[in-house]
Amino acid sequence: MADAGSGDVKKVAVRGPKPAKKDKSKAGADHASAGPIEMSPPPEFLKTRLDLFDRLKKKYDEDISKKPREQITITLPDGSVKIGTSWETTPGDIAKGISNSLYKRTIVARLDGEKDKLWDLDRPLEQSCKLELLTFDDEQGRMVFWHSSAHILGEACERRFGCSLCIGPPIDDGFYYEMALPGGAAVQQSDWSPLERIVTDIVKDRQRFERLELTKEDLLDMFSYNKYKQHIISTKIPDGTSTTVYRNGPLIDLCRGPHVPDTGRIEAFSIMKNSASYWLGSQENDSLQRIYGVSFPDKKKMAEHKKFLEEAAKRDHRKLGREQELFMFHELSPGSAFFLPHGTRIYNTLLTYIRDQYHKRDYQEVITPNIFNSELWKISGHWEYYQEDMFVMDLEKEKWGLKPMNCPAHFLMFAHSPKTYNQLPLRLADFGVLHRNEASGALSGLTRVRRFQQDDSHIFCRLDQVTSEITDLFDFLSEMYGLLGFSFKLQLSTRPEKFMGQIETWDKAESMLKEALDGFAAGPGGVSWTLNEGDGAFYGPKIDIKILDCLNREWQCATIQLDFMGPENFGLEYVTAETPAGKSKQDEPAAEAAGAKVKDAQPAEAEPAHSDSGPKRGRVIKPLSPGCVRPVIIHRAMAGSIERFMGILIEHFAGKWPFWLSPRQVMVIPVGMGFVPYAQEVKEILKKERIFVDIDTTGNTLPKKIRSAQLAQYNFIFVVGDEEMRGRQVNVRYRDDTSTQDRGKPVLLDEVVEKLRKLGADRGMYNPFPSVKQAA
């Protein structure tokens, strides 16, 4: 099934993959695959469903044949125009007309440049249009490819298990299908091979994907055997309307599509894991089974992907976090990281770096409460739209919530005392602890937690200061990400369909962001940007920043958002430089000039998550005081969640921390017990420089001590013996330079201290002892 029901599974609890246990007496994993590959006879519902499909498809094709055929024009991205016939010419025909190789590479078509207007290659065009042909390299093309692969997996599962399919969407790294097996049975790892054999047959059969539009009544009839599909149809499809199903082979699934032309396009397919989940993400509902897979249009890409996964597994922050003793989790506080001493060193070093940037860029750090009365969240809008993701509690007969973000607290701070135009911009920064009620199954190491801190900041500024503030944020991004070895992408998200405020205000704000983005892109070291129309927040446009790590994986960390509604909701204002002459003046970003018509389109209608939360609170806008205007607020974060950012850094560096971030910077190794006092002296000298240093006083051999320090990823190993003690020197081995791993010329201790001090101050990633050579 396509994303028709994906909105119902926002919070799905997943139990990690459980490989089948090896049992020599029963041949273990081979036990299940030794039996029949698929059910015989096949499930009865397959034939019933196919009979209904064939009958309705015949009628549908007859109706299409009666559509008037007219000449249409199809405009390609290069500006060339092809002539076609409505209800006959397909995007596939256009691709084949250019070259057969293009047709084979093309996954799906996109019409009129609209992301939501994807079109099957074999589906006739209905009118003149602009046509793009998307390959697997295009993100939307890849999602369609994986969506079609999910249908193939669904067919294999029906044929093997006779299961009731639920949903099967594409995801960032492949796809999955969720299902209920007869009798509540569980999928075993031993099922993977039989399923992949069925998939191989499906691909060889080159089953066509056929699209059919059905009424709600026909859909309920077609899926009468499946209570999960019945629920989706009943709750998602309005009475009197219709939607589509897609067929490939015996599978017919509720789906908006589109899909690849036939199953033969899926040349490489692999099941990656299986797990358990809950229907609609609620533990009160049925327990289901979920099978994950990935696929590619050729075997070379599959091999590259599996190699990538091997490298990613080596870098998994959960694995390295255990090995380096950085953090832990406990079932008594799920989703909340316990940072161990070495992990806390990294955490605090990151905060120190960000605080240094704050000092450099004139931010003012503040501390705000962790818990607030529900009235605050009602004013901000979080109570209505975010309550289910908050930790809510009853105190003294009132509702309170742990803060999931800092912005409302900063708004209260701004309103605490009068502000004037020359006090802006005011940049408030906060590392306050935040809590978000993530589903237990969504928790994943440091990258998805319930308790975290952000490098959160809100910039209160005048309209004429917005562009310069955004430009400084780009400089902040470039400096911080460049230091850590990240590149990044920028995307401007504009006014959504449901928004608050005036269109004129939005247009002005978007224009200012575009100006700042263009200026940054044109400058030295600039980054180009793309437009993401209609995906802004309901209160203002935003710039989404995705960083790329050393494996070229994208991570959403930083964000820059303009907010015009917060100042109105909280009655924020500042005194202008102009002398008021009668009634108040309101500036463009947050206030309507006299006589202007206000368009106050509310965001998507939603009922409060809890019935006892009281009636919806309407927007109450406090009138401006004479001579005052509203500030513009810029919400921004560079790292985002520090926990998540640290998880990304662990994988990015593969646990090999640069010196300035490292929790294990120097290991001092005496060659014998007689040199321990000198080693201790070296340690104390380095400690005074705030360097993390340890001594190995174990009884291990010198080579074993050195090897242990190397495996622990100490940046430097200082070996000390008689020569070093008499000369007040150390013998240096640098982790990232293989030419320094053997005994070389000792370095004076004073020189070592000076160079390490500079290396730390520079936050450098270089060898400060380049003159150290291998011994002859």
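Residues numbered from 1 in each chain as written. Predicted model: local features only at pLDDT ≥ 70, side-chain atom pairs only at ≥ 80, totals over all residues. Heavy atoms only, no water.

A closer look at the overall build of the protein chain
Link 1 in the chain: Looking only at helices and strands, one finds 22 helices and 34 strands in the protein chain.
Link 2 in the chain: Looking at the 776 residues of the protein chain, the share that counts as buried comes to 52%.
Link 3 in the chain: As displayed, the protein chain has an accessible area near 36,500 Å², and 50% of this comes from carbon and sulfur atoms. (Helix = DSSP H or I, 4+ residues; strand = E, 2+ residues; numbered from the N terminus. Buried < 20%, exposed > 50% of the residue type's maximum accessible area, 1.4 Å probe, protein only. Areas by Shrake-Rupley, 256 points an atom, 1.4 Å probe, with all protein chains shown as cover.)

Digging into the packing of aromatic side chains
Link 1 in the chain: Overall, the coordinates contain 32 aromatic pairs when judged by the stated rule.
Link 2 in the chain: Ring geometry for phenylalanine 136 versus tryptophan 146: centroids 5.9 Å apart, planes at 80°, classification edge-to-face. Placement of the pair is phenylalanine 136 in the loop between β5 (129-135) and α5 (139-161) and tryptophan 146 in helix α5, with a sequence separation of 10 residues. There is no split in this pair, since phenylalanine 136 and tryptophan 146 are both buried.
Link 3 in the chain: Look at tyrosine 481 and phenylalanine 488: their rings are 5.7 Å apart centre to centre, the planes differ by 65°, and that puts the pair in the edge-to-face class. (Phe/Tyr/Trp six-rings, centres within 6.5 Å; stacked < 30°, edge-to-face > 60°.)

A closer look at the environment of lysine 301
Link 1 in the chain: By secondary structure assignment, the location of lysine 301 is in helix α9 (residues 299-315).
Link 2 in the chain: Along the sequence, lysine 301 and alanine 268 sit 33 residues apart, while their C-alpha atoms lie 8.3 Å from each other.
Link 3 in the chain: Once residues within four sequence positions are removed from consideration, lysine 301 is found in contact with Phe136, Asp137 and Phe296. (Contact = heavy atoms within 4.5 Å.)

Section: the sheet that holds strand β19 (residues 398-402)
Link 1 in the chain: With respect to topology, 3 strands assemble into an open sheet ordered β17-β19-β18, the strand pairing being antiparallel. Of all the strands in the sheet, just β17 (371-373) and β18 (392-395) have a single pairing partner and so form its edges. With strand direction ignored, the average angle separating the axes of adjacent strands in the sheet is 35°. (Pairing = 2+ DSSP bridges. Axes fitted to C-alpha atoms, helices over the stretch in contact; angles between N-to-C directions.)

Digging into unusual backbone geometry
Link 1 in the chain: Cis geometry marks the peptide bond from glycine 257 to proline 258, where omega comes out at 0°.
Link 2 in the chain: Positionally, proline 258 belongs in the loop between β11 (251-254) and β12 (268-278).
Link 3 in the chain: Cis geometry is adopted by the peptide bond preceding proline 425, which originates at leucine 424 and carries an omega value of 5°.
Link 4 in the chain: Along the polypeptide, proline 425 turns up in the loop between α14 (407-415) and β20 (426-430).
Link 5 in the chain: Phi is positive for glutamine 713, which is not a glycine, with a value near 65°.
Link 6 in the chain: When you line up the elements, glutamine 713 lands in the loop between α20 (702-711) and β32 (716-720).

Side note on the sheet that holds strand β3 (residues 106-111)
Link 1 in the chain: Across the sheet, which stays open at both edges, the 5 strands sit in the order β2-β1-β5-β3-β4 with mixed pairing between neighbours. Of all strands in the sheet, those bounded by a partner on one side alone are β2 (81-85) and β4 (118-119).
Link 2 in the chain: The sheet contact formed by strand β1 (residues 71-75) and β2 spans 5 bridges and is antiparallel. Across the sheet, residue glutamine 71 finds its bridge partner in β2, namely threonine 85.
Link 3 in the chain: Most of the contacts of helix α3 (residues 91-98) go to β5, to which it runs at about 70°, and overall it touches β1, β2, β3, β4 and β5.
Link 4 in the chain: Relative to the sheet, α5 contacts β3, β4 and β5, its axis offset from that of β3 by approximately 120°.

Focus: the pairing of β5
Link 1 in the chain: Bridging between β1 and β5 involves 2 bridges; their strand directions are parallel. When the bridges of β5 are listed, isoleucine 74 appears paired with cysteine 129.
Link 2 in the chain: Relative to β5, β3 runs antiparallel, the two being bridged by 5 bridges. Its bridge partner lying in β5, alanine 109 is registered against leucine 133.

Re the nonpolar core
Link 1 in the chain: Among the nonpolar cores identified, the biggest contains 65 residues, and Tyr481 and Phe645 are the most heavily contacted of them.
Link 2 in the chain: Tallying contributions element by element places helix α15 (residues 466-484) first for this core, with 9 residues.
Link 3 in the chain: In this view, tyrosine 481 contacts Phe486, Phe488, Ile545, Ile547, Cys557, Ala558, Met638 and Phe645; residues no more than four positions away in its chain are not counted. (Core = buried A, V, L, I, M, F, W, Y, C linked by side-chain atoms within 4.5 Å.)

Some remarks on the pairing of strand β30 (residues 666-670)
Link 1 in the chain: By the criterion of burial, β30 is predominantly enclosed, with 5 of the 5 residues buried.
Link 2 in the chain: Here β30 shows a buried face lined by Val666, Val668 and Pro670 and a second buried face lined by Met667 and Ile669.
Link 3 in the chain: Once you follow β30 into helix α19 (residues 676-688) and on to strand β31 (residues 693-695), the crossover reads as right-handed.
Link 4 in the chain: Inspection of the sheet shows β30 paired to β32 by 5 bridges, in the parallel sense. Counted as the bridge partner of valine 668 is phenylalanine 718 from β32. (Right-handed = clockwise from strand over helix to strand, strands pointing away.)

Here's the deal with the pattern of salt bridges
Link 1 in the chain: Under the defined criterion, the tally for this structure stands at 47 salt bridges.
Link 2 in the chain: Its salt-bridge partner being arginine 206, residue aspartate 262 comes within 3.6 Å of it at the nearest N-O pair. Within this pair, whereas aspartate 262 is found in the loop between β11 and β12, its partner arginine 206 is found in the loop between α6 (192-205) and β9 (210-215), the two being separated by 56 residues in sequence.
Link 3 in the chain: Assessed through its relative accessible area of 11%, aspartate 262 is described here as buried.
Link 4 in the chain: Among the salt bridges present, the one from aspartate 762 reaches lysine 758, with a minimum N-O distance of 2.7 Å. One end of the pair is aspartate 762 and the other is lysine 758, both in helix α22 (residues 749-762) and 4 residues apart, which spans about a single turn. (Salt bridge = Lys/Arg side-chain N within 4 Å of Asp/Glu carboxyl O.)

A closer look at the packing of α15 against helix α18 (residues 642-653)
Pairs of packed helices are described in terms of their axes, by the angle between the two and the distance that separates them.
Link 1 in the chain: For the pair α15 and α18, the least separation of the axes is 11 Å and the interaxial angle reads 40°. Regarding the angle of α15 to α18, the classification is oblique. Residues Met480, Tyr481 and Leu484 of α15 form the contact with α18, whose participating residues are Phe645, Leu649, His652 and Phe653.
Link 2 in the chain: Looking at the contact of α15 with α18 residue by residue, the classes come out as 6 nonpolar, 1 polar and no charged. (Parallel < 35°, antiparallel > 145°, perpendicular 65-115°, else oblique. Nonpolar A, V, L, I, M, F, W, Y, C, P; charged D, E, K, R; others polar.)

Considerations on the side chain of glutamine 713
Link 1 in the chain: Overall, glutamine 713 belongs to the buried group, its relative accessible area being 16%.
Link 2 in the chain: In contact with glutamine 713, other than residues within four places in its own chain, are Gln324, Gly655, Lys656, Ser662, Arg664 and Arg735.

Let's talk about the environment of proline 182
Link 1 in the chain: Following the sequence through the fold, proline 182 ends up in the loop between β8 (174-180) and α6.
Link 2 in the chain: Excluding its chain neighbours within four sequence positions, the residues that come into contact with proline 182 are Phe161, Gly162 and Cys163.

What to know about α5
Link 1 in the chain: The terminal C-alpha atoms of α5 lie 32 Å apart, and with 23 residues this matches the ideal 33 Å at 1.5 Å per residue to within 8%.
Link 2 in the chain: Taken across its 23 residues, α5 has 20 buried, putting it largely inside the fold.
Link 3 in the chain: Where α5 begins, one side-chain oxygen reaches toward the backbone nitrogen of glutamine 140, 2.8 Å away; that side chain belongs to aspartate 138.
Link 4 in the chain: Backbone geometry just after α5 places glycine 162 at a positive phi near 65°. (Expected span 1.5 Å × (residues − 1). Polar contact = N/O pair within 3.5 Å; in protein donor to acceptor, adjacent residues only side chain to side chain.)

Considerations on the side chain of glutamine 729
Link 1 in the chain: Mapped onto the elements, glutamine 729 comes out in strand β33 (residues 729-734).
Link 2 in the chain: Other than its neighbours up to four places away in sequence, glutamine 729 contacts Tyr678, Val720, Glu723, Glu724, Pro746, Val747, Leu748 and Leu749.

So, the packing of helix α11 (residues 341-360) against α15
Link 1 in the chain: Where α11 contacts α15, the two axes come as close as 12 Å, and the packing angle between them is 150°. Relative to α15, the element α11 is oriented roughly antiparallel. The handedness of the crossing between α11 and α15 is right-handed. On the side of α11, the interface is formed by Tyr353, Ile354, Gln357, Tyr358 and Lys360, while α15 contributes Phe476, Glu479, Met480 and Leu483.
Link 2 in the chain: For the contact of α11 with α15, the residue count by class is 6 nonpolar, 1 polar and 2 charged. (Left-handed = near helix turned anticlockwise from the far one by under 90°.)

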